[in-house]
Structures are given as C-alpha cells and as structure tokens.
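Listed below are the residues making up each chain.
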Amino acid sequence: MTPFEAGSHHNLLDLCGAATAAGVSEESVRQLLTLGIIKPLEDDPEHGPLFGMEQTPVLEILSAMSVLDFRIEEMRDMVRVMDTLSRYPASEIAARYRMRLGMFAEALQRRPVVTSEQQASKHDLFHMLTSRYTWLGS
C-alpha cells in the first residue's frame, strides 16, 4: 500500500501516509482511531480515513504516550489540550491548558520507566512537547 496524498484534498494523507509522516506504526494509528482518541479530517470511501499533515505531531506524541502506558483519558486530554492551544491560543481556556501542560511536563520528568523503550519514549515525548511549546522548557 502506498501513501495516498490527495492534492485536491489539501494534502491529506491516508492511514499509511499519516503513520509514515509521523514515524509511527500503522497499527498505532489504527488503535488511536478505534479508541476514538483521534479523528480523521475526512473519511474517503476509496482511501479510508484521511489525515492532515498538521495531525502528525499529535500522532507522534500519542504514540510516545502509549509506550509509557498513559490511560486513554489522558491521551484524549492531550489531544484536547493541543487542539485548544492551536485553535484558540489567546483564550482563557488555553491559559488554563498551558498550566495543565506545564504540570504534565513536570510529572513526565518524574514518571518511572522500566524498559529502554519507555526511557526513549519519555525522552522523545518531553523533547516533542518542549519543541512545540517552547515556554515549557523555561
């Protein structure tokens, strides 16, 4: 299966293309869809769920959270936080979500890990968050 990029659909990616762009497995993306943690931008009858390139950072972060055994509710909350911060950055709720994300980043640093894969995911997740939200590193 080759990644589908729909030029007329604002550079949408099929499941395989979204997984490849995010550097995560197709199975991870499928699980996130099945659990209702993420939603595609469109559902094409021929190509299935279609994602936007702007969704790939969310897939990366959720994949790392999955390796670290975060609960589904925590992953949904992360999607809500990221969506609100990108759509309504100056809103009152965004200010509260910035505080929550800061507390999450602090807790993440103290989160115990058992395997080397979890250690790498913890490091990657912290790096992804501080790269995307530079104020977290301050």
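Refer to the structure presented above.
Numbers given for residues are sequential positions, taken from 1 along each chain in its written order. Two thresholds apply to this predicted model, a pLDDT of at least 70 for residue-level local features and 80 or more for giving and counting side-chain atom pairs, whereas whole-chain, interface and lining totals are computed over all residues. By convention in this description, side-chain values take in all heavy atoms of the structure and omit both hydrogens and water.

Some remarks on the packing of aromatic side chains
So, point 1. Side-chain rings of Phe, Tyr and Trp, where Trp is taken by its six-membered ring, are said to pair if the distance between their centres is within 6.5 Å; with planes under 30 degrees apart they count as stacked, over 60 as edge-to-face, and otherwise as tilted. Applying the stated criterion to the full structure yields two aromatic pairs.
So, point 2. Seen in terms of ring centroids, Tyr133 and Trp135 are 5.9 Å apart; in terms of plane orientation they differ by 50°. Their pairing is tilted.
So, point 3. Among the residues examined, Trp135 registers a relative accessible area of 34% and is labelled partly exposed.
So, point 4. Against the face of Phe70 rests Arg111, its NZ or CZ located 3.8 Å from the ring centre. When accessible area is computed with a 1.4 Å probe and restricted to protein chains, residues below 20% of their type maximum are described as buried, those above 50% as exposed, and intermediate ones as partly exposed. In this analysis the charged atom, NZ for Lys or CZ for Arg, is taken to sit over a ring once it is within 6 Å of the ring centre and within 35 degrees of the ring normal.

As for the packing of helix α1 (residues 15-22) against helix α3 (residues 56-67)
So, point 1. Only C-alpha atoms enter the line fits that serve as axes; for helices the fit covers just the stretch in contact. Angles between N-to-C directions range over 0 to 180 degrees. Only DSSP runs of H or I covering at least 4 residues are called helices, and only runs of E covering at least 2 are called strands; the numbering of each starts at the N terminus. With their axes 8 Å apart at the nearest point, α1 and α3 run at an angle of 70° to one another. The angle between α1 and α3 places the two elements in the roughly perpendicular class. Seen from α1, the contacting residues are Ala18, Ala21 and Ala22; seen from α3, they are Thr56, Leu59 and Glu60. Here the word oblique covers every angle except those under 35 degrees (roughly parallel), over 145 (roughly antiparallel) and from 65 to 115 (roughly perpendicular). Residues are treated as being in contact if the distance between any of their heavy atoms lies within 4.5 Å.

Quick word on unusual backbone geometry
So, point 1. Within the chain, Asp69 stands out as a residue other than glycine whose phi angle is a positive 60°.
So, point 2. With respect to the helices, strands and loops of the structure, Asp69 is situated in the loop between α3 and α4 (72-87).
So, point 3. Among the residues examined, Asp69 registers a relative accessible area of 53% and is labelled exposed.

So, the nonpolar core
So, point 1. Ranked by size, the top nonpolar core spans 35 residues in total, and within it Ile38, Met65, Leu101, Phe104, Leu125 and Leu129 carry the most contacts.
So, point 2. Every element with two or more residues in this core is listed here: α1, α2 (26-34), α3, α4, α5 (92-110) and α6 (116-132).
So, point 3. Non-local contacts of Phe104, meaning those with residues more than four positions away in its chain, are made with Met65, Phe70, Met78, Leu125 and Leu129. Put simply, a nonpolar core is a bunch of buried Ala, Val, Leu, Ile, Met, Phe, Trp, Tyr and Cys residues held in one set by side-chain atoms that sit within 4.5 Å of each other.

Some remarks on α5
So, point 1. Given a helix with a known number of residues, its expected span is that number minus one, times 1.5 Å. Taking 1.5 Å as the rise per residue, α5 with 19 residues should run 27 Å; its terminal C-alpha atoms sit 28 Å apart, in good agreement.
So, point 2. Within the sequence span of α5, burial applies to Ala94, Tyr97, Leu101, Gly102, Phe104, Ala105 and Leu108. Along the axis of α5, the buried positions cluster into a sector of 160°, meaning they face one direction only. Summarising the geometry of α5, the exposed residues directed more than 90 degrees from the buried face are Glu92, Met99, Met103 and Arg110.
So, point 3. Among the structural elements, α3, α4 and α6 are those in contact with the buried residues of α5. Regarding the arc, it is the one traced by the directions from the helix axis to the C-beta atoms.

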